[in-house]
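A look at the structure
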2 protein chains.
Amino acid sequence: MSEPRLVEVRRNVLKRNDVVARGLRGKFCQAGVFVVSLVSSPGSGKTTFLERTLTELQPRYRVAALVGDLATENDAIRLARSKAPVRQITTGTLCHLEAAMVESALDAWDLRNLDFLFIENVGNLVCPSSYDLGENMRLVLMSVTEGEDKPLKYPTIFNSSDIAVITKTDLATAVEFDWDAAEKSIHSVRPGMKVLRLSAKTGEGMSEYLELLSRQFAEQRAVAQT
Amino acid sequence: MSEPRLVEVRRNVLKRNDVVARGLRGKFCQAGVFVVSLVSSPGSGKTTFLERTLTELQPRYRVAALVGDLATENDAIRLARSKAPVRQITTGTLCHLEAAMVESALDAWDLRNLDFLFIENVGNLVCPSSYDLGENMRLVLMSVTEGEDKPLKYPTIFNSSDIAVITKTDLATAVEFDWDAAEKSIHSVRPGMKVLRLSAKTGEGMSEYLELLSRQFAEQRAVAQT
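Right, let's walk through the structure included here. Each residue is numbered by its place in its chain's sequence as written, counting from 1. For naming, the first written chain is A and the first written ligand is 1, with later ones following in the order written. For a predicted model such as this one, the threshold for reporting local features is a pLDDT of at least 70, and the threshold for listing and counting side-chain atom pairs is 80 or more; totals across whole chains, interfaces and linings nevertheless cover every residue. Note that water and hydrogens are dropped before the side-chain values are worked out from all heavy atoms of the structure.

**Some words on the interface of chain B and chain A**
On the chain A side, the residues contacting the 46 residues of chain B number 46 residues. Take a side-chain nitrogen of Lys or Arg and a carboxyl oxygen of Asp or Glu: if they are within 4 Å of each other, that pair is a salt bridge. Taken together, the connections running from chain B to chain A amount to six salt bridges. Across the salt bridge formed by A:Lys153 and B:Asp69, the nearest N and O atoms sit 3.8 Å from each other. By the criterion applied in these results, polar contacts are pairs of N or O atoms within 3.5 Å in which, for protein atoms, one can donate a hydrogen and the other can accept it, and in which residues neighboring in sequence qualify only through two side-chain atoms. Taken together, the links from chain B to chain A amount to seven residue pairs in polar contact (both at pLDDT 80 or more). Where helices and strands are cited, they refer to DSSP runs of H or I of at least four residues and of E of at least two residues respectively, numbered from the N terminus. Of all elements in the fold, only α1 (4-31), α3 (74-80), α4 (99-105) and α5 (150-153) of chain B reach the threshold of two or more residues within the side of chain B that touches chain A. By residue number, the principal contributor to the side of chain B that touches chain A is α1(B), which donates seven residues. All residues other than Ala, Val, Leu, Ile, Met, Phe, Trp, Tyr, Cys, Pro, Asp, Glu, Lys and Arg, Gly among them, are scored as polar; the first ten of these are nonpolar and the last four charged. For the side of chain B that touches chain A, the residue count by class is 21 nonpolar, ten polar and 15 charged. Note on contacts: a residue pair is in contact if any heavy atoms of the two residues lie within 4.5 Å.

**Quick notes on the sheet that holds strand β2 (residues 63-69) of chain A**
Residue and element names in this part refer to chain A. Spatially, β3-β2-β4-β1-β5-β6-β7 is the arrangement adopted by the seven strands of the open sheet, whose pairing is parallel. Edge positions in the sheet fall to β3 (86-90) and β7 (194-197), since each of these pairs with one other strand and no more. Ignoring which end each strand starts from, the neighbouring axes of this sheet average 20° apart. Both β2 and β3 contribute to a ladder of five bridges, which runs parallel. Two strands qualify as a pair provided DSSP detects at least 2 bridges between them. What counts as an axis is a line fitted to C-alpha atoms, over the stretch in contact for a helix, and the angles between N-to-C directions run from 0 to 180 degrees.

**Things to note about the packing of aromatic side chains**
By convention, a stacked pair of Phe, Tyr or Trp rings (six-membered ring in the case of Trp) has centres within 6.5 Å and planes under 30 degrees apart, an edge-to-face pair has planes over 60 apart, and any other such pair is tilted. For the coordinates displayed, the defined rule picks out 14 aromatic pairs over all chains. With centroids separated by 5.1 Å and ring planes inclined at 35°, the aromatic side chains of A:Phe116 and A:Phe217 adopt a geometry described as tilted. Here A:Phe217 lies in helix α8 (residues 206-225) and A:Phe116 lies in strand β4 (residues 116-120), a separation of 101 residues in the sequence. We note that A:Phe116, like A:Phe217, is buried. Note on B:Tyr61 and B:Phe116: the rings are 5.1 Å apart at their centroids and 85° apart in plane angle, and the pair reads as edge-to-face. With B:Tyr61 in the loop between α2 (46-57) and β2 (63-69) and B:Phe116 in strand β4 (residues 116-120), this pair connects stretches of sequence that are 55 residues apart. Between buried and exposed lies partly exposed: a residue is buried under 20% and exposed over 50% of the maximum accessible area for its type, with that area taken using a 1.4 Å probe on protein chains only. The class for B:Phe116 is buried, based on a relative accessible area of 0%. What links up through ring pairs into an aromatic cluster is the set A:Phe34, A:Tyr61, A:Phe116, A:Phe118 and A:Phe217. Our definition puts a charge over a ring when NZ of Lys or CZ of Arg is within 6 Å of the ring centre and also within 35 degrees of the ring normal. The side chain of A:Arg197 reaches across the aromatic face of A:Trp179, ending 4.0 Å from its centre.

**What to know about the pattern of salt bridges**
Across all of its chains, the model carries 30 salt bridges over all chains by this definition. One salt bridge in this structure joins B:Arg112 and B:Asp110, with 3.0 Å as the shortest N-O distance. Of the residues examined, B:Arg112 reaches a relative accessible area of 58% and is grouped as exposed. Here B:Asp110 falls in the partly exposed class, since its relative accessible area comes to 35%. A salt bridge links B:Lys150 to B:Asp149, with the nearest nitrogen and oxygen atoms 3.5 Å apart. Salt bridges here are not isolated pairs; linked through shared partners, they connect A:Asp69, A:Asp75, B:Asp149, B:Lys150 and B:Lys153.

**Quick notes on the sheet that holds strand β3 (residues 86-90) of chain B**
Residues and elements named next belong to chain B. Strand order in this open sheet of seven strands is β3-β2-β4-β1-β5-β6-β7, and the pairing throughout is parallel. In this open sheet, the two strands that pair with only one neighbour each are β3 and β7 (194-197). Across the sheet, the mean angle from the axis of one strand to that of its neighbour is 20°, orientation sign disregarded. Where strand β1 (residues 34-39) meets strand β5 (residues 137-143), four bridges bridge the pair, whose relative direction is parallel. Within the sheet, the bridge partner assigned to Val-39 lies in β5 and is Val-140. Taken strand by strand, helix α8 (residues 206-225) contacts β1, β4, β5, β6 (163-167) and β7, and its axis lies near 120° from that of β4.

These values are about where atoms sit, not about what they do.
Here's what the structure looks like:
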């Protein structure tokens, strides 16, 4: 069902996106900010997870967030409770963030004042996978309520991410979540992929995840200083 | 961040889709088959809901289903347990079904042998909203685990659907689902929209939903015979 002309135009859009993303990556690196993006289907708990992340990182790090959504500023309002600087990107009908949107949202921010920048993508397991945002690390979230086979059905997003985060683990028993099947799905798409188990509600898995972020941040700083 | 050339090409794709969809709608009407499409984010429970629908309708009606997914035939395999004819449409990297895919998937089927045809779209709350598939009724599903504000964040898909189905109601207490907030979100996007509460696991709400389908089917048949 491919539309040759559409495919060609899309390829150009992606190419342009890659150029902008490369520029962003250079800026992030120079400024010494570690950038983490979050992708998932709608309702996987990205915002709750991010709110907790910002709150827990703040005593030690300077953090900020950009959040993408088609409409509403609900997520930015929720995240602002963490007291971290947050900016909403409203995409209209576009189903993903593009590097140029990130670039213009960051326009007035001095990145040197940040240690971590989080970018929450539009809730979508398909389209965001093709768009590089210049991030250092991409997390793909799936909640236990979504079913164990999501990676098999949406392989590209798992393949383009660095770490899989299984969220809402507090509901795992209620939905009879099959951990082995889930990890098997993830690893059949991306062998060896790191999988974190997390509940932003109970805090399960948060300390392992925050340590991982701290380690990655320290490594990047060490590399930047050599 | 709109890409003028891409928008123009997209408009042509949509226009072509509308033409094919119109043709399909004519065929469905002539054959007397009532077509229901299902849209939702990944993991809202479309397949479980559809499996139960097919199983419960079968003693009284001739039913069949088409299921769209990027990869895997998992859903078709699950639905085949209902003994209804099921066909999988694999979209590759495309984030939605288009009318032409439905048309070619139906190629060898004699529609006059069917009372109901169900079309399960790719799990995505954004892209499927723009593509008419010639269906009589579009159901948008959201599970209680996704949060009450999904309609505000994805208004187009709710606006382009006929009925909202809140699924996994058996988990409502565990996730402290706020029914009033959810209905308020739905009705602020689409005032007066019918909302069904459903659990494919416990069967809650199934009989109201199946009666609604029977009524719609009888009405369509009555219109077709006049």
